[in-house]
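Residue strings, one per chain:
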Amino acid sequence: MGKVIINSDDFGYSRGVNYGIIDAYREGILTSTTIMANMPGFEHGVKLKKEFPDLGVGVHLTLTCGKPILNNVTTLIDENHAFKKLAFYEQPFQIDLDELYQEWNAQIQKVFRAGIIPTHLDSHHHTHTFGQNQEVVIALAKKYDLPVRGNFERKAEVRHVANFERFFDDVGVEDPKKRQISQSLDSYLAELMERLKEEETTEIMCHTAYIDQMLYEGSGFVFPRINQVEFLIHSEFAKSVRQDKTIELVNYGVI
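Nothing here was measured: the structure is a model prediction, and the numbers come from that model. (Residues numbered from 1 in each chain as written. Predicted model: local features only at pLDDT ≥ 70, side-chain atom pairs only at ≥ 80, totals over all residues. Heavy atoms only, no water.)

Undergrad: Let's hear about the overall build of the protein: which residues, and what values?
TA: Scanning the protein for helices and strands turns up nine helices and seven strands. Relative to a compact globule of 255 residues, whose C-alpha radius of gyration would be 18 Å, the protein shows 17 Å and is just as compact. Evaluated residue by residue, the protein yields a buried proportion of 58% over its 255 residues. Treating the 27 positive side-chain charges of the protein as one cloud and the 37 negative ones as another, the clouds have centres 3 Å apart. (Helix = DSSP H or I, 4+ residues; strand = E, 2+ residues; numbered from the N terminus. Rg over C-alpha atoms; globule rule 2.2 N^0.38 Å. Buried < 20%, exposed > 50% of the residue type's maximum accessible area, 1.4 Å probe, protein only. Lys, Arg positive; Asp, Glu negative; His and termini not counted. Charge placed at Lys NZ, Arg CZ, Asp CG, Glu CD.)

Here it is as structure tokens:
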């Protein structure tokens, strides 16, 4: 039987994002999410988590969105005291790894203090996979005994799922020319369904949300998120996953 984790990133980004994630969990096949400890919707997300205790919640380690929790992380911020943008990390970069460790550790600690026992670690914009940042996430995973999203070179050093599916966002993209996959959506979903049955453990990464002003103004990936909420609740794929006896929907607590 294939154990399948369907994880929506960005919990805590904003109220609209939070509500989209909760609806995809409450009414659909979403099983897991990861929370951004430094974003304005954090406290709202914590409140919602307490209403749905079986929702798996990990930590979405953040380095490229919003402002840091700590004040003494000068190599991580720009002139506005906000995190440097993703473009900084898309080229050769240098940051103080101790500052990164302290900031990401503070984000994890904030989640614990809020009463959430995290199920796993991943990161916004996959920054835990960049260069020496991998050393930091490995150290934190070992410190807290947590699995890590396994889309990086050194995943063998931590617990992770056997299969990571990163292209599921395409189910929300209406224009085929803007999708990451080269095949038809029907073909992609049929192949994915077979892999879910064959692999021992799989994480499907997605981004569900309702659009509010903060998401609309702050993110370059907006409208497909609404479609993903609907897809995880009402699609034939969602119905098939629910009904298939060889697929077990779980969260990272089993990894």
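Undergrad: Summarise the packing of helix α1 (residues 15–26) against helix α2 (residues 42–51); cite the residues concerned and give the values.
TA: Where α1 contacts α2, the axes come no closer than 9 Å and their chain directions differ by 20°. On the basis of the axis angle, α1 is roughly parallel to α2. Considering the relative orientation of α1 and α2, their crossing is right-handed. Contacts between α1 and α2 involve R15, N18, Y19 and I22 on the former and, on the latter, H44, G45 and L48. Partitioning the contact of α1 with α2 into residue classes produces three nonpolar, three polar and one charged. (Axes fitted to C-alpha atoms, helices over the stretch in contact; angles between N-to-C directions. Parallel < 35°, antiparallel > 145°, perpendicular 65-115°, else oblique. Left-handed = near helix turned anticlockwise from the far one by under 90°. Contact = heavy atoms within 4.5 Å. Nonpolar A, V, L, I, M, F, W, Y, C, P; charged D, E, K, R; others polar.)

Undergrad: Can you break down unusual backbone geometry residue by residue, with the values?
TA: Even without being a glycine, D10 presents a positive backbone phi close to 80°. Within the fold, D10 resides in strand β1 (residues 2–11). A relative accessible area of 1% means that D10 is categorised as buried. One non-glycine residue, H81, lies in the positive phi region at around 65°. Accessibility expressed as a relative area gives 53% for H81, which makes it exposed.

Undergrad: Quick rundown of the state of the cysteines? Include the residues and the values.
TA: Inspection of every chain in the model, using the stated rule, returns zero disulfides. C65 forms no disulfide, and the closest cysteine sulfur to it belongs to C206, at a distance of 18 Å. A residue is classified by how much of its surface remains accessible, and C65, at 11% relative accessible area, is buried. (Disulfide = S-S within 2.5 Å.)

Undergrad: Summarise the nonpolar core; cite the residues concerned and give the values.
TA: Membership of the largest hydrophobic core comes to 68 residues, with the highest contact counts inside it found for L121, F168 and F237. Contacts of F168, omitting those with residues within four sequence positions, involve Y188, L189, L192, I204, M205, C206, F231, L232 and F237. Counting residues in each nonpolar core, the second largest holds five residues, with I5, V250, Y252 and I255 among its members. (Core = buried A, V, L, I, M, F, W, Y, C linked by side-chain atoms within 4.5 Å.)

Undergrad: Pulling in residues and values, what's your account of the pairing of strand β3 (residues 56–61)?
TA: Counting buried positions over the six residues of β3 gives six, a clear majority of the element. As defined by bridge partners, strand β2 (residues 32–35) adjoins β3 across four bridges and the pair is classed as parallel. Its bridge partner lying in β3, I35 is registered against V59. A crossover connection joins β2 to the parallel β3 through α2; in handedness this β-α-β unit is right-handed. As judged from the three bridges shared by β3 and strand β4 (residues 121–123), these two strands associate in the parallel manner. Its bridge partner lying in β4, H60 is registered against D122. (Pairing = 2+ DSSP bridges. Right-handed = clockwise from strand over helix to strand, strands pointing away.)

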